[in-house]
Amino acid sequence: KKRAEEMDPALAVTRPPIVTIMGHVDHGKTTLLDKIRQEYGIKSDVVSTEAGGITQVIRAWQVEKDGNHVTFLDTPGHEAFTKMRARGAKVTDIVVIVVAATDGVMPQTEEAISHAKAADVDIIVAINKIDMPNANVDKTRRQLYQLELLPDNMGGDVPFVETSATTGQGISELLEQVLLVAELADPPLKADPQHPGSGTCLEAYQDSDEGVKATLIVQQGTLHKGDILLCGSTFGRVRAMYNDMGVQIDEAGPSTPVKVTGLDEVPDADDPFYVVEDLSTAREIAEVRKSSRQRSALSSFTP
Ligand code: GDP
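Note that the coordinates shown come from a computational prediction; the quantities given were computed from them, not determined experimentally. (Residues numbered from 1 in each chain as written. Predicted model: local features only at pLDDT ≥ 70, side-chain atom pairs only at ≥ 80, totals over all residues. Heavy atoms only, no water.)

A few words now on unusual backbone geometry. Look at the link from Asp186 to Pro187: it is a cis peptide, with omega at 0°. Note that Pro187 resides in the loop between helix H5 (171-183) and strand E8 (190-191). Although it is not a glycine, Asp26 adopts a positive phi angle of roughly 75°. Following the sequence through the fold, Asp26 ends up in the loop between strand E2 (18-23) and helix H1 (29-40). (Helix = DSSP H or I, 4+ residues; strand = E, 2+ residues; numbered from the N terminus.)

Structural data, given as structure tokens:
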């Protein structure tokens, strides 16, 4: 059976970029994400079939611009990003650093930049709040240049986009830059949809009606309803699968975020998942992992 590393280059197709937005608190991450989703979010005629529906917001979703898809991870804040990276999960392809032109570079801006650099992901700068009378775009740019974020006319490769998350100005250009950076990504953003699905768990919880619900991002291959999953130290058969609009789907290809039910326990956010051949193998590996976790938890109690 093929493994993720053994992807057949001939069968690989371009996958949508996965984007995270980071920046200082109040610089507009949430507003920007909301605006992007409002204007470019993929709409569906199908009424949401997930119990609880659209109110149970999935923390990852896709937008479409000129026929191209982009996946956004709706996890503003660095914690999730840092934690994932610490565990070796590379989920994000592109980080958009949001800086409010009213404040300029702030401590968490610098922190976000250093995380993105350490993770070796492509960076795009969004200079936000340009609609505000006290916005100082030039000063903000200079501060960013000093942190070695340089646009191509200065010998760098970091696109700068001026945005207003409230008026929507610059959002279309931001998405164009995301698609351009994705197109030039090295290594190329490719995946083989014929491959069994694998990826990372983004969040999970116990639902009182439907049992464990886990948001997964498929990074390689295709995940199907009915597949047997091993996710960290949990396992199970995918009973139902929902897309980012809460609509039931039967399969999900590379870079697609989905919510699944059917795991036996709540996995950790950032646990990797794999599709495996049979339930007994999945159970065996999950049990071994569970008991080794328990052992290490116990040993940490030793005085
Ligand atoms: P976050 O903490 O980075 O997620 O920031 P928010 O998205 O919560 O934004 C903080 C505040 O700034 C909110 O009151 C937003 O309405 C406002 N805001 C965000 N972006 C803009 C913008 O481009 N222009 C203006 N005028 N206000 C903005």
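A word on the pattern of salt bridges. Per the counting criterion, the structure on display carries 10 salt bridges. Note that Arg15 and Asp93 form a salt bridge whose closest N and O atoms lie 2.9 Å from each other. Of this pair, Arg15 sits in the loop between strand E1 (13-14) and E2 while Asp93 is found in the loop between helix H2 (78-86) and strand E5 (94-100), placing the two residues 78 residues apart along the sequence. Residues Arg15 and Asp93 agree in their burial class; the two are buried. For Arg293, the salt bridge is made with Asp271, and the minimal N-O distance between the two is 3.5 Å. Here Arg293 is found in helix H6 (residues 279-299), whereas its partner Asp271 is found in the loop between strand E15 (257-263) and strand E16 (272-276), with 22 residues between them in sequence. Among the residues examined, Asp271 registers a relative accessible area of 1% and is labelled buried. Here the salt bridges do not stand alone but share partners, grouping Lys65, Asp66 and Glu176 into one network. (Salt bridge = Lys/Arg side-chain N within 4 Å of Asp/Glu carboxyl O. Buried < 20%, exposed > 50% of the residue type's maximum accessible area, 1.4 Å probe, protein only.)

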